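As a plain string of letters, each chain reads:
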Amino acid sequence: MHDIASPADADLLASFAVEPVAEGIATRFTVTLGDKTHAYRIPTGQHNHYAVFFSELARDFGTRSPAGHKPVPIDGPEPDWRPLILDNLSPRTTAGYGDPAVLKTEEGYWLVATSNDAPDAFPILHSHDLESWSHKGFVFPEGEAPEWTAHGRSIGDYWAPEMAKVGDEYWLVYTARQRSNALAIGLAKAPHPTGPWTDLGHPLVAGFAINTTNFPDDPTQPMLSGGVIDSHIFIDATGERYLFWKRDTNGVWPRPLAGLLRRRPDLVDRIFTEEADRRTARFSAAVQPWANTRRPMERFFLMQPMIEAVLDNWEQVKSVLSEVEEAAFIVDAMSTPIHAQRLDEEGNLVGSNVRWEAALLNVRLRKAVKAGAKVFIIGPQWDPTYPATFLGSDLKLLNRVPKALGDAMKSAKRPAVILGAAALAKGALPAALKLAGKFDLVRTNEDGSVWNGFNVLHISAARMASLMLGFTLPGGMGDIAAAAPKVLLSLGADEMDYAPYAGSLKVYIGHHGDKGAHHADIILPGASYAEKDGTYVNTEGRVQFAEKAVFAPGDAREDWTILRALADALGVTVGFDSFGELQAKMIAAVPALGEEGLADYGALPKADSGAKFEGEIAGYPIKDFYLTNPIARASEVMQRCSDELLHGADVKEAAE
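Residues numbered from 1 in each chain as written. Predicted model: local features only at pLDDT ≥ 70, side-chain atom pairs only at ≥ 80, totals over all residues. Heavy atoms only, no water.

Undergrad: Give me the sheet that holds strand E1 (residues 16-23): which residues, what numbers.
TA: The antiparallel open sheet is built from 3 strands, whose spatial order is E1-E2-E3. Among the strands making up the open sheet, the edge pair consists of E1 and strand E3 (36-42). The sheet shows a mean angle of 15 degrees between the axes of neighbouring strands, direction not considered. Pairing of E1 with strand E2 (residues 26-33), which is carried by 8 bridges, proceeds in the antiparallel orientation. Opposite alanine 17, over in E2, you have threonine 32 as the bridge partner. Of the strands in this sheet, E1, E2 and E3 touch helix H1 (residues 47-61), which is tilted by about 170 degrees from E3. (Pairing = 2+ DSSP bridges. Helix = DSSP H or I, 4+ residues; strand = E, 2+ residues; numbered from the N terminus. Axes fitted to C-alpha atoms, helices over the stretch in contact; angles between N-to-C directions. Contact = heavy atoms within 4.5 Å.)

Okay, here's the thing in structure tokens:
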């Protein structure tokens, strides 16, 4: 949440006093300025009624008149244009044809347009000559809106659709509200421009939404503002598909700015030079608490005159706010970043939010940025929740480091590189070690402390300790598959591809009956981390000792006892008869596993001076933040988080 003032802050504004009262869908305002008071009634939450209200407010109190924004002059002659569609071509079209997008095909031209909160979403029109148009239907007729979207009068919004021909199909990307009020981008497919259209069933792109209402977060209520909007599919000469979109900040900064002016009325005269704009800003500050309680578009309408005043004083507004520490969020929201990402053949984004790979690490990076650190990222765009510079997705960028990155690394006292799983999969480790040497990432500081800024981010819970124990092969899993083993012993391996081992007898030791169990020929139920003693190494490389909290249920056994029993059955001597003996042997082999805390991994391997970065990071390995392991996938709560928060499903609850 951001910025919203408490009722006590009203005393800071001696100029305007606003008393709003809801009367069904209407609102009655009593507005006082000095010894002058006027009452107004807004019949509905529609834009035209708010325009009338602000015209009357300007007449009575000298605020800014609506639509008073000065147009930007254009170079050259006025373009020759004329309206082509003056009336709704279907009685079921109630919002006109805003944000029109036209696709040329062998059958002529197809137009789709914004429908706002109309029951029938996205009208479809056809023309042979771009002059005469006829109505052909709707992308989502009433009752067929995607489940993840909020729909209904004064609830939903369906904006800015664009159609593209992809192979033998037609794809349509669009903006719609989720039930949280956050705007997201969806994708639907059809065999023909007239349909039938089938949605993916979840948002294609979501994120960048925040709560600016000062009320507690509630996923079932329209609390959020912002999101992503205005998507476009671009198909290049090779047939590759790219999705372009932008962050929606139009609804993010106005009310927080009004809240700031409510707390800091002294800023009004510094920001605005015209008296009408100053009065408009003071009215917006006074009405802001009420605006926070209204439906999404009404919030915007109530702030619109102030938005127009800000646009006419843009440079002055940003200059003043940049000097106000608590306005940093507002200034950031006044920009509109444009993003692009590749689409695969099924229409899914290649890549996801990399902060899913290490959420706590991302929090630390955010703190570092607040303290002045600079972050540069190679890979597809994602929302890091802090300012960062995306350099692109091609690893070749690091063969000749961009100047901005090079300067930042050289000047940093504690420079660091984090090598993610997507880069590892591209074979980037040798070149990353070369980079570590170039920027002296592992160093002894002047005060004698040692700084290690070379990091490899693993995303599998058991990987760090297994690497320390030498559980590796030069060719990785490929070597095991090539050996075509008669028996495959799977120790809780639930994230691997079992297809190459179709001819092997698969023995699975694990818990929660996850993916590995479904592929197994024999299942030996093991214990979860809470049901056994163990040694663990976390993402940071810290050795941790854990003790059993509860006993494993049913026939499940601690893993070491299962392996010990198998050894007896096979006539193999393993050299231990208890967990203590096993742990002692492990520590003897790898002494670092016997000391709690950050392990000493020694010097970095010598870098290959000829190593080169190559390949494009097209995507990230984690596709669902909430379901990354067997325990999470067995959790009803985590499954609901995935369904509702990631895929936009409507999860119904029984009344208490």
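Undergrad: Tell me what's going on with helix H2 (residues 254-263), and back it up with residues and numbers.
TA: Side chains three or four residues apart in an α-helix point the same way, a direct result of the helix having 3.6 residues per turn. The element H2 is largely enclosed, with a buried count of 9 among its 10 residues. Pro254, Arg255, Pro256, Leu257, Ala258, Gly259, Leu260, Leu261 and Arg262 are the residues of H2 that are buried. (Buried < 20%, exposed > 50% of the residue type's maximum accessible area, 1.4 Å probe, protein only.)

Undergrad: Give me the lowdown on the sheet that holds strand E24 (residues 522-525), citing residues and values where you can.
TA: The parallel open sheet is built from 3 strands, whose spatial order is E22-E23-E24. Each end of this open sheet is capped by a strand with a single partner; those strands are strand E22 (487-491) and E24. In this sheet, neighbouring strand axes are inclined to one another by 15 degrees on average, regardless of whether the strands run parallel or antiparallel. Summarising the sheet, E22 and strand E23 (residues 505-510) pair through 5 bridges and their orientation is parallel. Bridge pairing in E23 links leucine 488 to lysine 506.

Undergrad: Can you lay out the packing of aromatic side chains for me, pointing to particular residues and giving the numbers?
TA: In this description, an aromatic ring pair is defined by two values, namely the gap between the centres and the angle between the planes. Per the stated rule, a full pass over the model turns up 16 aromatic pairs. With a centroid separation of 5.9 Å and 50 degrees between ring planes, the pair formed by tyrosine 50 and phenylalanine 301 is classed as tilted. Within this pair, whereas tyrosine 50 is found in helix H1, its partner phenylalanine 301 is found in helix H5 (residues 296-312), the two being separated by 251 residues in sequence. Overall, tyrosine 50 belongs to the buried group, its relative accessible area being 1%. (Phe/Tyr/Trp six-rings, centres within 6.5 Å; stacked < 30°, edge-to-face > 60°.)

Undergrad: Would you mind going over the pairing of strand E7 (residues 134-140) in detail, with residue names and values included?
TA: Pairing between strand E6 (residues 121-127) and E7: 5 bridges, direction antiparallel. When the bridges of E7 are listed, leucine 125 appears paired with histidine 135.

Undergrad: Could you give an account of the pattern of salt bridges, with specific residues and numbers?
TA: This structure, assessed with the given rule, holds 30 salt bridges. One salt bridge connects glutamate 131 with arginine 82, and the closest N-O pair in it is separated by 2.8 Å. Of this pair, glutamate 131 sits in the loop between E6 and E7 while arginine 82 is found in the loop between H1 and strand E4 (101-105), placing the two residues 49 residues apart along the sequence. Residue glutamate 131 is classed as partly exposed on the basis of its relative accessible area, which comes to 40%. Salt-bridge contacts for glutamate 326 lead to arginine 264; the nearest nitrogen and oxygen are separated by 3.9 Å. Within this pair, whereas glutamate 326 is found in the loop between helix H6 (314-321) and helix H7 (328-333), its partner arginine 264 is found in the loop between H2 and helix H3 (266-271), the two being separated by 62 residues in sequence. (Salt bridge = Lys/Arg side-chain N within 4 Å of Asp/Glu carboxyl O.)

Undergrad: Which residues make up the packing of H2 against H5, and what values do they have?
TA: In contact at an axis separation of 9 Å, H2 and H5 are set at 75 degrees when each is read in the N-to-C sense. In terms of their interaxial angle, H2 and H5 are classed as roughly perpendicular. When H2 is examined against H5, the residues Pro254, Arg255, Leu257, Ala258 and Leu261 are found in contact with a partner set consisting of Arg299, Met303, Met306, Ile307 and Val310. Here the contact of H2 with H5 is built from residues that sort into 8 nonpolar, no polar and 2 charged. (Parallel < 35°, antiparallel > 145°, perpendicular 65-115°, else oblique. Nonpolar A, V, L, I, M, F, W, Y, C, P; charged D, E, K, R; others polar.)

Undergrad: Can you lay out a positive patch on the surface for me, pointing to particular residues and giving the numbers?
TA: Residues Lys410, Lys434, Lys438 and Lys612 make up a contiguous surface patch of positive charge. Mapped onto the elements, lysine 410 comes out in helix H9 (residues 403-411). (Patch = residues over 30% accessible without salt bridge, like charges linked within 9 Å, V, L, I, M, F, W, Y side chains within 5 Å. Areas by Shrake-Rupley, 256 points an atom, 1.4 Å probe, with all protein chains shown as cover. Lys, Arg positive; Asp, Glu negative; His and termini not counted. Charge placed at Lys NZ, Arg CZ, Asp CG, Glu CD.)

Undergrad: Describe the environment of glycine 571, naming the residues involved and giving the relevant values.
TA: For glycine 571, the location among the structural elements is in the loop between helix H15 (559-570) and helix H16 (579-589). A relative accessible area of 65% places glycine 571 in the exposed class. Separated by 388 residues in sequence, glycine 571 and leucine 183 have C-alpha atoms that sit 63 Å apart.

Undergrad: I'd like a rundown of the environment of glutamate 326, residues and numbers included.
TA: Judged by relative accessible area, which is 43%, glutamate 326 ranks as partly exposed. Separated by 66 residues in sequence, glutamate 326 and leucine 260 have C-alpha atoms that sit 8.2 Å apart. With near-sequence residues (within four places) excluded, glutamate 326 lies in contact with Leu260, Arg263 and Arg264. One polar contact links glutamate 326 to arginine 263, side chain to side chain, over a distance of 3.0 Å. (Polar contact = N/O pair within 3.5 Å; in protein donor to acceptor, adjacent residues only side chain to side chain.)

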